[in-house]
Amino acid sequence: MPPSRRRLTLFAAVFIALAPGLLAACSSNSPSPGASSNTTIDEAALGGSVAVGGAGGSGHRTSGIVPFGASDGAGGTSGDSSASTGSGTSGGSGGATTGGNATAGNADPTMASASLTRYLQALSAHDPNAVTANADGAALAYASVQLDTAAIDSDRGATTTVTMGPSSLTPSGVSGPVVTFSGQVSLMTTVSGPKGNGSYTDTISGPLTVSNASGIYRVLSFTYDGAPMALRTVSKGLTVSGLEVTLAYVVSYGTLSVALIGLAQPSGSSSVTLQSATLSAGSQSESGTGDFTGPPTPVGVLRFARAAGQPSGLALQFTSSTGQSRSYSFTF
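Residues numbered from 1 in each chain as written. Predicted model: local features only at pLDDT ≥ 70, side-chain atom pairs only at ≥ 80, totals over all residues. Heavy atoms only, no water.

(A) Geometry of the overall build of the chain. When its secondary structure is counted, the chain shows 4 helices and 19 strands. Burial statistics for the chain: of 332 residues in total, 48% are counted as buried. For the chain, the proportion of contacts with a sequence separation of at least 24, taken over those separated by at least 6, is 70%. About 12,800 Å² of surface is accessible on the chain, with carbon and sulfur atoms providing 52% of the total. (Helix = DSSP H or I, 4+ residues; strand = E, 2+ residues; numbered from the N terminus. Buried < 20%, exposed > 50% of the residue type's maximum accessible area, 1.4 Å probe, protein only. Contact = heavy atoms within 4.5 Å. Areas by Shrake-Rupley, 256 points an atom, 1.4 Å probe, with all protein chains shown as cover.)

Laid out in structure tokens, this is it:
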């Protein structure tokens, strides 16, 4: 099997918990009064359940730990079968802020190296708490996808093992609160389960950056399989005929762009199937596939071949168990 196709089969869903209540999505089979948009919903207040067909049926509440940018105020266009958001500024293409101002003076390469070591160990140990404590921005987004992939595979009876090769990553420069590393380290991922075994090797390399924010060091970004990382935070929600979908972010690394979406509903239960997903980047577009956690509030990872430009739009189409089609168009 070609390496790119083998990689796609290993992705699963990510659940976001860093920003409480920011996971938004609502679904029901009964019509609602048109489409609306939001970026904050209190998940604890949602009593309904949504199932996404073809997802594998995992009910595991994954550890999603990806930061969001501020709401950009985009609105939804009314309609019973489709909705769209307007364009607006969002979290940016290169990552997210660390959540605090850096202390005066230069960062400490020794402290940065210790944080990097803990981050890499957390990837191997599938430890979301350690990842959260030692990463932000694109590095955090990437890590949450990897950790939650392992959790979903586990729920499906598979075991994921990540082995770090020898590391040559060393500090190569300091600029204010940021330490830059050169060198590289390989990650060999092996998945063993009832559907077969597989392994692949990826490379994390420099320039890798670690930032000091008020004495807290976190890995921000790095080169992955020879390509720079990019994170576009979006945080936009749309409701169509009772099914609410939120687009949280798009993270790109290696040859992939991955979009995180969430679904939920206020009451009752429903079942939907993702029929199509298209990611746009300027004049270029890519069709993708998705994988989802189980009910009651599924979260899905949509995987696309990486576009040359910055992602700028996502079009989704879901079909309910009753045959009703719901379309969503996000512009960011």
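(B) Quick look at the nonpolar core. Y119, L123, Y142, I204, L208 and F222 are the most contacted members of the largest nonpolar core, which has 41 residues in total. The dominant element in this core, judged by the number of residues it contributes, is helix α4 (residues 137-155), at 8 residues. Discounting chain neighbours no more than four positions away, the residues touching I204 are L120, L123, G183, Q184, V185, L187, F222, T223 and Y224. By size, the runner-up hydrophobic cluster in this structure holds 26 residues, among which are V240, L247, F292 and L316. (Core = buried A, V, L, I, M, F, W, Y, C linked by side-chain atoms within 4.5 Å.)

(C) Region of the structure containing the packing of aromatic side chains. Going through the model one piece at a time under the given rule, you end up with 6 aromatic pairs. Taking the centre distance of 5.2 Å and the plane angle of 85° together, the rings of Y224 and Y253 count as edge-to-face. Placement of Y224 in strand β9 (residues 216-224) and of Y253 in strand β12 (residues 243-253) is noted, with a sequence separation of 29 residues between them. An identical accessibility class is assigned to Y224 and Y253; each is buried. (Phe/Tyr/Trp six-rings, centres within 6.5 Å; stacked < 30°, edge-to-face > 60°.)

(D) Representation of unusual backbone geometry within the structure. A cis amide bond, omega 5°, links G206 with the succeeding residue P207. Position of P207 relative to the elements: it lies in strand β8 (residues 196-213). With a phi close to 55°, H126 is a non-glycine residue in the positive phi region. In this fold, H126 is placed in the loop between α2 (109-125) and α3 (128-134). Its relative accessible area of 26% is what places H126 among the partly exposed residues.

(E) Spotlight on the confidence of the model for the chain. Taken over all residues, the pLDDT of the chain has a mean of 74, while the share at 70 or more is 71%. A low-confidence stretch, residues 1-45 stays under pLDDT 50, and its non-local contacts, those more than four residues away or across chains, total 164 contacts. This stretch, residues 54-79, has a pLDDT under 50; its non-local contacts, to residues over four places away or in other chains, come to 90 contacts. (pLDDT = per-residue confidence, 0-100.)

(F) Molecular detail of the pairing of strand β5 (residues 170-175). By the bridge criterion, 5 bridges tie β5 to strand β6 (residues 178-182) in an arrangement that is antiparallel. Of the residues in β6, the one forming a bridge with G173 is T180. Linking two consecutive strands that pair antiparallel, namely β5 and β6, is a turn of 2 residues; a positive phi of about 60° is found at G176 within it. (Pairing = 2+ DSSP bridges.)

(G) Spatial organisation of the pairing of strand β7 (residues 184-193). For strand β4 (residues 159-164) and β7, the ladder comprises 6 bridges, and the chain directions are antiparallel. Bridging across to β7, M164 finds its partner in L187. Note: β7 against β8, 10 bridges, orientation antiparallel. Along β8, the bridge assignment pairs V185 with I204. Hairpin geometry of β7 and β8 is characterised by an intervening segment of 2 residues between the two adjacent antiparallel strands.

(H) Representation of the environment of T189 within the structure. Relative to the helices and strands, T189 resides in strand β7. When the C-alpha atoms of T189 and M164 are compared, they prove to be 8.9 Å apart, with 25 residues separating the residues in sequence. Non-local contacts of T189, meaning those with residues more than four positions away in its chain, are made with T160, T161, V162, G198, S199 and Y200.

(I) Spotlight on the side chain of S257. Of note, S257 is situated in strand β13 (residues 256-264). Judged by relative accessible area, which is 1%, S257 ranks as buried. Side chain to side chain, S257 and S252 meet in a polar contact 2.7 Å long. In this structure S257 touches V250, V251, S252, L279, L302, R303, F304, A305, R306 and A307, once residues within four positions along its chain are discounted. (Polar contact = N/O pair within 3.5 Å; in protein donor to acceptor, adjacent residues only side chain to side chain.)

(J) Local environment of α2. If you check α2, its first and last C-alpha atoms are 24 Å apart, about what 17 residues at 1.5 Å a residue would give, namely 24 Å. Restricting attention to buried positions, one finds in α2 the residues A112, S115, L116, Y119, L120, A122 and L123. Along the axis of α2, the buried positions cluster into a sector of 155°, meaning they face one direction only. Among the exposed residues of α2, those pointing more than 90 degrees away from its buried face are T110, Q121 and A125. Taking the backbone nitrogen of T110 as reference, a side-chain oxygen 2.9 Å away marks D108 as the first, capping residue of α2. (Expected span 1.5 Å × (residues − 1). Arc of directions from axis to C-beta.)

(K) Structural view of the environment of G309. Its place among the elements puts G309 in the loop between β17 (299-305) and β18 (313-320). For G309, the contacting residues outside a window of four places in its chain are A281 and Q284.

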